[in-house]
Amino acid sequence: MSRPKGFVVLGRAVAVPVSRVSVVAGLVLTVLLLAACVATLSLGRLGIPLTDLLGALTGGARGKAAFVLERLRGPRLVVGLGTGAALGLSGALFQTVTRNPLGSPDVIGLASGAGAGAAAVALLLPGVVPVPIGALAGAVLAVVVVYVSTGTGFRNPGRLIVAGIGVSAISVAFIQYVVYAVERDKATVLTAYVNGSLSARSWEHAVTIGIVLLVVAPLAAAISGRLALSEMGDETAGMLGAEPGGTRTAAVALSVVLSAGAVAVAGPITFISLTAPQIARRLTGGTGPHLMLSSLTGALLLVLADLAAQQLPLPGGVPVGVYTLALGGLYLGYLLIREWKKGTL
Amino acid sequence: MSTTGLKDAMSTTTTGLEDAMSTTTTGLGARNVTVSYGGDPIVRDVSLDIPQGELTMIIGPNGCGKSTLVKTLARIMKPDHGQVLLHGRDIWSYRGRQAARHVALLPQNPVAPDGITVRGLVRRGRYPHHTLLRQWSPDDDAAIGFALERTGLDDLAEAQAGELSGGQRQRAWIAMVLAQQTDLLLLDEPTTFLDIAHQYDLLELCRELHREGKTIVAVLHDLNQAARFASHLIVMKGGKVVTQGPPSRVLTPELVAEVFGLACDVVPDPRTATPMVIPHASLTDGAA
């Protein structure tokens, strides 16, 4: 039997294609991610100095270092990593389904829908329904409304974006109403639900997003091959036996769960799921949904944005969602102009 | 590995189905099939068998249901009523990949993903032969090599599919469905976006593949091309099969008038002696 080139082979039963450029990109992203993690833990007034960091991580943390690692920055960092990865993966799934960079969960109102759901259960019915369930319900509702109001499903990017912007606006208005109705004085609560924030995260949040990723990531990997085929159009994918209808439904469902999970722990952080898959795609120049690289890129982007949120000398503790909003807003503008020039909008 | 070796490898996957195959049909056929896109039926109560070893061409006026019929035969569209049978079993009782090892369809508008090479595109035709964890099979290289060679794309294997000319791109798609190594190849209007030289180029390729033993079904618009290249014609109108048979018997002035609403002479093609349609004038409304 000839040995396949460009495949990782385990015995007779497993042969998975892996391109060299993807492996290199993955390694580079991992190194950058580790560097960003170290910077997050060690920079600033409360940072653990680099010389003490290894000892602190291997269980020797005491006093201030222990507090910073176990209560302050440790959970915040892990939540950032998990949320970023979930957002990147969610975006890669949805953009592949819609075959359009703008067909991303944050652009089409999924994130703000999840935020509205989370706000509703957390503030209107505190303690009755868990926040993640509320986020999931909100995300599902947003997707259904967008799907129904396009009239053509997820295939027409122009309608998808218009419907999504409408759903986003309604969701944000609803969040603002809920926050002002319940918590008149707390502007910080509002920003957390509208923009997303990673401040004051606990290990509980980290566990929540970790479970979501552990459940969803293998399922996403399992449909990755079919998703790659669906890029060739439903008829081609269908005649190859890739069941494009079922694959699309599965990918949307997984994407919704990921976005809801991310919103439940960090609020609707926007533009990570829009930009991460696009960056991953450009890193390799290859085809396919780039699920692994999109997750890594998402994690890196969010950790970097949160590093900026923690360390930049802006007054009042600007939440991380504002940074991603500023960064991604520029990118969204660029994309809109490009698609408009191409005549695909 | 030679192509005969590949065929042996393939036949092992179809053992057990052989009994159900008759000598004259490919094992693919429609039984009282009615298909719609939710509204009025496009294909109405059609029954037919795809003949083994023929180069079949389906002709008919716009909207007659010819594309819909091949999509239904290729398990892309589900019939409202009736069944598509593959070796005696409803084609929807097969799993997708299983059916895709028997029937391939090149659709009208396949999309080449950004950044894909010709070889990468052709490799995707191997998907039905893979499993979730084993996305490679020992026959892959031989099948891909054969498909590239047969379509004359050897030298362009590492080129970006997006940078090919229209004729080359269509050949790349043909190579993808060839790599699929099916008994049967369905082509939905394969010449539509090609200039006339590349149309004949592609039809010649179909004829060569047919002579090498492939069973091919193509939807075609041009009557004279169909008459020249097909060994079997299926004529459709209003979602029904009007008639079928060899072009010399089927293509008559009466049939063209009835099906297309076009008055014409049918004379022998001076080069090939196949029937050739010389139009007079349209019989439909609006004609002078």
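All of these numbers come straight from a predicted model, not from anything done at the bench. (Residues numbered from 1 in each chain as written. Chains lettered and ligands numbered in written order. Predicted model: local features only at pLDDT ≥ 70, side-chain atom pairs only at ≥ 80, totals over all residues.)

Asks: With reference to specific residues and values, describe the overall build of chain B.
Replies: For chain B, the helix and strand inventory stands at 10 helices and 12 strands. Contacts spanning at least 24 positions in sequence make up 64% of the contacts within chain B whose residues lie at least 6 apart. (Helix = DSSP H or I, 4+ residues; strand = E, 2+ residues; numbered from the N terminus. Contact = placed C-beta atoms within 7 Å.)

Asks: Just give me the short version of the packing of helix α4 (residues 110–124) of chain A against helix α10 (residues 244–266) of chain A, but keep the residues and values in it.
Replies: Residues and elements named next belong to chain A. Across the interface, α4 lies against α10 with an axial gap of 9 Å and an inter-helix angle of 50°. In terms of orientation, α4 and α10 fall into the oblique class. α10 is crossed by α4, and the crossing has right-handed handedness. Listed contacts from α10 to L110, A111, A114, G115 and A118 of α4 are V256, S259, A260, V263 and A264. A per-class count over the contact of α4 with α10 returns eight nonpolar, two polar and no charged. (Axes fitted to C-alpha atoms, helices over the stretch in contact; angles between N-to-C directions. Parallel < 35°, antiparallel > 145°, perpendicular 65-115°, else oblique. Left-handed = near helix turned anticlockwise from the far one by under 90°. Nonpolar A, V, L, I, M, F, W, Y, C, P; charged D, E, K, R; others polar.)

Asks: Account for unusual backbone geometry, naming residues and giving values.
Replies: Positive phi is not limited to glycine here, since E243 of chain A has a value of about 45°. Inspection of the secondary structure assignment puts E243 of chain A in the loop between α9 (234–239) and α10.

Asks: For the environment of V84 of chain B, give the residues involved together with the corresponding values.
Replies: Residue and element names in this part refer to chain B. Mapped onto the elements of the fold, V84 is located in strand β4 (residues 81–86). Judged by the 24 C-beta atoms lying within 10 Å of it, V84 is buried. Along the sequence, V84 and L73 sit 11 residues apart, while their C-alpha atoms lie 6.2 Å from each other. Here V84 is in contact with A30, V33, T72, L73, P79 and I91, once residues within four sequence places are set aside. (Buried ≥ 20, exposed ≤ 12 C-beta atoms within 10 Å, placed from the backbone.)

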